[in-house]
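# Residue-level structural notes
Take a look at the letters that make up each chain.
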Amino acid sequence: MSEDVTYVGSGRSIDIELGGQEVITIDLDNLDPNPEDVLDLLKEGQCRVSVWTKLAGEYWRRGYLAAAERIAHSAIESLQANGTTASSPPIYALLANIQIAHAQKAPKLVLSEAREDKLTNVRPKEEYYREAAQYLNTGERAAAEGGEGVGGTLAFLTRGIQQLATRSMDDAMRSFEGVLAEKPTNVVALLGKARILYARRSYPQALKLFQQVLQLNPHCIPDPRIGIGLCLWAMDYKSKAKAAWQRSLEVNPTDWPAQLLLGLESINASKTENLSEQDRAQAFLAGTKFIEKAFNANQKSAAAANALCELFLRKGSYKRALKLAERTIQFADTLTLLTEGNLRAARVLHAEGSLKEATKYYTTATDGQPKHVLGAIGMAQMQIQNDEIAAAIHTLDLLLQPPNPQRSVEAMVMLASLRAHPRPGVSSSDFAQEKAKARELFDRAIKTLEQDDSRTSNGHIPQHTASYINDDLDMHIEIARLWQEESLDRTTRALKEALRLSEANEQVDPRLLNNMGALQHMEGNLAEARALYEESLTKAASLGPDGEGMSTSMLYNLARVYEDSGDITMAKEAYDKLLARHPEYVDAKVRQAQMLADLNQSNEAHDLLKQAMASQNNNLNLRAFYTYFLIQSNFPKPAKDFVFATLKDHDKHDVYSLCAAGWIQYHQSRESRDLSSKGLEERRRGFQRSAEFYDKALLLDPLCAFAAQGLAIVTAEDALGTFGGGPATSGGDDPQKRMRNARDALDIFAKIRESLNDGSVYLNMGHCYYARDEFDRAIESYETASVRFYSGHNVPVLLCLCRTWYAKASKDQSFVAMSTALKYAQKALHLQPSDKAILYNIAMVQQKAAELLFGLSPSKRTLKDLEWAILQAGHAQRLFASLAADSASVVPYSRDIADQRRKYGESMLRRGDEHLATQKEFEAEAQAKLVAARLRRQMEKEKLEAIEQERVEEHRRQAEKLAEERRKAREQAQEWTREVQMESDEERERKSKRAARKVKVEGESGDEGAEPKKKKRSGGKLKKAIDQDVDNEQLFSDDEVDSKPAKKRVPKKRVVRDDEDQDAVGGPRKKQYKSKEILSDTDDEEMS
């Protein structure tokens, strides 16, 4: 029997020859959907395998997949009945491909608890893939049993397609490579290999293969333009990718992948903020239409269902969105699509309030992809809803921490906010660490947003994330709250940003203005703080009853800024207004009492504080201020009784009261002048109790800088040792102990300085450095305290500077240092003109300055300084005389010592004239030596200048001589050149005549019937450079001569191009010349 496929006109048909010379023609363009009649003909005709496969393929191509499968099974039965199973492998390959086609429309899994997209009586993909593998194996066995070779192109391709569908990428690559090794232009193998390379993110290599398929078959299905666009998109050639998909849609208008990809591209384009609102709306609408068309064309596509689900989720159509999400989950064949489907189902259920079901889908999504940002954030939200804060923190930590940390600003901000709030079961130390981590996370988020802004300013597409997170008012307020105890600068920046956002929304919160005013107030910007307080009060008043509670603290703050600005009248009016509204507001009474105390109205201030104490006797802040008031008012005993009453009756753990008790005990013991054994014992016990109070305060608050400073002072002054009445040590050990105590105290003060920004810390550090004879560092500490904290108007600090410069001058024998000490003493006297102790110090420094200069050799002093010191010493004599004759009952110095200093000054000044004469003589001699040295240097300089001038003149004469010689040489050379040129012209004329005669002879000697030969190059080898250049010009085109500069000819290798290179160039292959360094006569003949 025989059969043939024939083509009649534009139609196609198959002729099946039956017994008795009967031929049946089957029209392939008009196939009956029911193949039973055709099957009977095929069985009766015992057709070859190619006819069975051809007919089955036609049914498959027309969409009759079941009929095609029925024909394939009938073919197997027919071949088995005829005993020709050895030829059945193509049928089994066809059946395997049919199973793979079934798998493409089958679900990956079936959700048993699906609410909207319920699937019944369906088989999952795995079953179809398994059957496909079985058919392939059966076909291979049949081929082996029939003695035919196992494999072939069809088997390899089918096996590769099945392996690619089951994600066995390495095996599929080997199968496709096996086909391409035999036939490099096999389109199916090229497509399969390109898909594998794309899955491996080898986009350039995949792009080349897709382009090769397009060249081989421009009408290939599936369209390689889809793959080309995907590769270009992944390589960030977005416009070219879109063009490829648009061309694919033009060629195949019903192809759903191109519609889906163009829809997604339009949706993404609608998110670009640099487009107008109208353009963005149009892009979104176009994208929606494309996605709907793609889904309608293939409702089993998980990608199309996933994209359409997002659109319905945004519209609020939760029922349809859930159905599409379930469709995505059931038909997804990649982990990414499966995760997206679970996330969208979770979001729909989350929006509906079905938290339990949403948690299940979020869990499934994060189990599949733990580093998925949206999945982790959604899971954390569910955990927060279930009050599982620790679990939410853990979920977000896993997302942001290595390995593979995700760069998600939303997750950073969310995690920071969770860490910033206290949780049950978290200790204070752990919570401090949590706040530090929260600050770090906020810093990372802000830095990331700033980087996005900088990329946007450099031409990149703006990120939507940066805009809405930067505009989060609550985030900036939370950042300010986190930094308020650590950095006022960071707090100010955060609050300024929050205030800017609230002003942009025209809904300014008065509390923001109040907090900004408080920060400005703390930084000393009183005018700005006043304006902010007043504005906050105005805003609060506009809120009605809701703003009444806010205005209380705002009015108090405004009164404080009035007070600090020196506007006492306005401050008093503000406090009175506040107390009229809230008489129980004791803080206002405390400030009024302080204002009265500053005006030396201590009794009125005391009455106000008693009123406040009567209303709120248990207020520890009020009791602390009352203790301070008593100490400042020089009521040491009432202060001591009151602070001990606070510790006994109210709170024995009050840190302020403990520090105040320690200070009172220390001051009382230090000022004790009772030198009896009982008095010394009492003094020692007082120092010991002072140290105990400070120590207890530090136990309660390890960060209490005042308690630490008190203990440091106790250590520096050895209050528990010799200074406190202890046994004296030997003379050699006492200085060492003093140095050691000062060193220990310095370590404590250095730590206190990091937390307590107060001048007393630097003052105490200066004392310790002075005790250690480190005068330079002591001066540095005193200067810091005086300039930074006291504006140079604190008399004790100025006197400490005077004392330190005096000690430094005595040690270094420095008149400059002594003058500096005098300057500081005079500044202190200017601030306290009636202080006689300062006058004594000034006189002492002036006398010491003259004594210091008298002890120096003439070379280490100047006449001007000496005269000034003698003048100041005379002034000191008058001061000492005045101080010694002072008739006051109590003076802060010894009159006898003042008189002794006066007498010593008289004897010292008697030698003043002698020192002046010696200094004048010394400086006169030094001046004479200096003048003589200057004269010698001037003479040497003039001598050197004369020598240099002579050398320059000699050089000029030599240059003129050399120039004349060169001129003569040039003239001689020009003469020689003219002679050589004339000889060369005559030689060329003789050569041209000989060449013309030679050509004439050769032309006349040829045969009559022979064709004339082309003129050859000059015979022999061309050796001269001129002749070589002439020949070179004959080997290249005019364009090449014009475009390339002349260069020395070198040996070249011939370049041989294959056919593929010619195709790549796209133009006709030009004639190639193989050049030699020396051209022979044979070469001339070949070229002619």
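Source: prediction; values computed, not measured.

## Some words on the overall build of the protein chain
- Along its length, the protein chain carries 48 helices and three strands.
- Accessible surface, the protein chain: about 63500 Å² in total, of which carbon and sulfur atoms supply 51%.

## Thoughts on the packing of aromatic side chains
- Scanning the model with the defined rule gives 14 aromatic pairs in all.
- Pairwise contacts between aromatic rings join Y556, Y575 and Y585 into one cluster.
- Lying over the aromatic face of Y824, K823 brings its terminal NZ or CZ to 5.1 Å of the ring centre.

## Notes on unusual backbone geometry
- Along the chain, I221 connects to P222 via a cis peptide bond; the corresponding omega equals 5 degrees.
- Among the secondary structure elements, P222 is positioned in the loop between α9 (203–216) and α10 (224–234).
- That bond from P402 to P403 is cis: its omega, 0 degrees, falls within 30 degrees of zero.
- One non-glycine residue, D387, lies in positive phi territory at about 60 degrees.

## Points about the pattern of salt bridges
- Across all of its chains, the model carries 56 salt bridges by this definition.
- In this structure, the salt-bridge partner of K848 is E851, at a minimum N-O distance of 3.7 Å. Here the residue K848 and the residue E851 both occupy positions in helix α41 (residues 836–854), the gap between them amounting to three residues, near one helical turn.
- Residue classification places E851 among the partly exposed positions, given a relative accessible area of 26%.
- The residue R967 makes a salt bridge to E971 at a minimum N-O spacing of 2.7 Å. Remark: E971 and R967 occur in helix α44 (residues 912–1004); sequence separation between them is four residues, near one turn of the helix.
- A residue is classified by how much of its surface remains accessible, and R967, at 33% relative accessible area, is partly exposed.

## Some words on helix α43 (residues 895–909)
- Taking 1.5 Å per residue, 15 residues should reach 21 Å; α43 reaches 21 Å between its end C-alpha atoms and fits that length.
- When α43 is considered as a whole, its buried residues turn out to be A898, R901, G905 and M908. Along the axis of α43, the buried residues cluster in a sector spanning 80 degrees; they form a single face. For α43, exposure combined with an orientation more than 90 degrees from the buried face picks out D896 and Q900.

## Regarding the nonpolar core
- In terms of nonpolar packing, the biggest core is built from 93 residues, with L609, A707, F749, I752, W805, I842 and F880 touching the most fellow members.
- At 11 residues, α41 tops the list of elements feeding residues into this core.
- Setting aside its immediate chain neighbours within four residues, W805 contacts I779, A817, T820, A821 and Y824.

## A short note on the confidence of the model for the protein chain
- For the protein chain, the average pLDDT comes to 83, and 86% of its residues sit at 70 or higher.
- Contacts of residues 1–11 to residues separated by more than four positions or lying in other chains number 24 contacts, the stretch itself having pLDDT below 50.

## A short note on the packing of helix α37 (residues 759–771) against helix α38 (residues 775–789)
- Following both chains from N to C, one finds α37 and α38 inclined at 165 degrees, their axes separated by 8 Å at the closest point. Looking at the two axes, α37 sits roughly antiparallel to α38. Crossing hand, α37 versus α38: left-handed. Contact residues: G759, Y762, L763, M765, G766, H767, Y769 and Y770 in α37; F775, R777, A778, S781, Y782, T784, A785, R788 and F789 in α38.
- Class assignment of the residues belonging to the contact of α37 with α38 gives a composition of 10 nonpolar, five polar and two charged.

## Re the packing of helix α5 (residues 125–145) against helix α6 (residues 153–165)
- Between α5 and α6, whose axes approach to 10 Å, the crossing angle comes to 155 degrees. Looking at the two axes, α5 sits roughly antiparallel to α6. Crossing handedness for the pair α5 and α6: left-handed. Residue-level contacts link Y129, A132, A133, L136, N137 and E140 of α5 to T158, R159, Q162 and A165 of α6.
- When the residues that make up the contact of α5 with α6 are grouped by side-chain class, the tally is five nonpolar, three polar and two charged.

## What to know about the side chain of Q665
- Here Q665 shows up in helix α33 (residues 655–670).
- With a relative accessible area of 5%, Q665 lands in the buried category.
- For Q665, the contacting residues outside a window of four places in its chain are K640, F644, G686, R689, S690 and F693.

## Let's talk about the environment of Q846
- Along the chain, Q846 turns up in helix α41.
- Between the C-alpha atoms of Q846 and L822, which are 24 residues apart in sequence, the distance is 7.1 Å.
- Excluding its chain neighbours within four sequence positions, the residues that come into contact with Q846 are L822, Q826, Q872, A873, H875, A876 and L879.
- There is a polar contact of 2.6 Å between the side chain of Q846 and the side chain of Q872.
- There is a polar contact of 3.1 Å between the side chain of Q846 and the side chain of H875.

Definitions and cut-offs
Residues numbered from 1 in each chain as written. Predicted model: local features only at pLDDT ≥ 70, side-chain atom pairs only at ≥ 80, totals over all residues. Heavy atoms only, no water. Helix = DSSP H or I, 4+ residues; strand = E, 2+ residues; numbered from the N terminus. Areas by Shrake-Rupley, 256 points an atom, 1.4 Å probe, with all protein chains shown as cover. Phe/Tyr/Trp six-rings, centres within 6.5 Å; stacked < 30°, edge-to-face > 60°. Lys NZ or Arg CZ within 6 Å of the ring centre and 35° of its normal. Salt bridge = Lys/Arg side-chain N within 4 Å of Asp/Glu carboxyl O. Buried < 20%, exposed > 50% of the residue type's maximum accessible area, 1.4 Å probe, protein only. Expected span 1.5 Å × (residues − 1). Arc of directions from axis to C-beta. Core = buried A, V, L, I, M, F, W, Y, C linked by side-chain atoms within 4.5 Å. Contact = heavy atoms within 4.5 Å. pLDDT = per-residue confidence, 0-100. Axes fitted to C-alpha atoms, helices over the stretch in contact; angles between N-to-C directions. Parallel < 35°, antiparallel > 145°, perpendicular 65-115°, else oblique. Left-handed = near helix turned anticlockwise from the far one by under 90°. Nonpolar A, V, L, I, M, F, W, Y, C, P; charged D, E, K, R; others polar. Polar contact = N/O pair within 3.5 Å; in protein donor to acceptor, adjacent residues only side chain to side chain.

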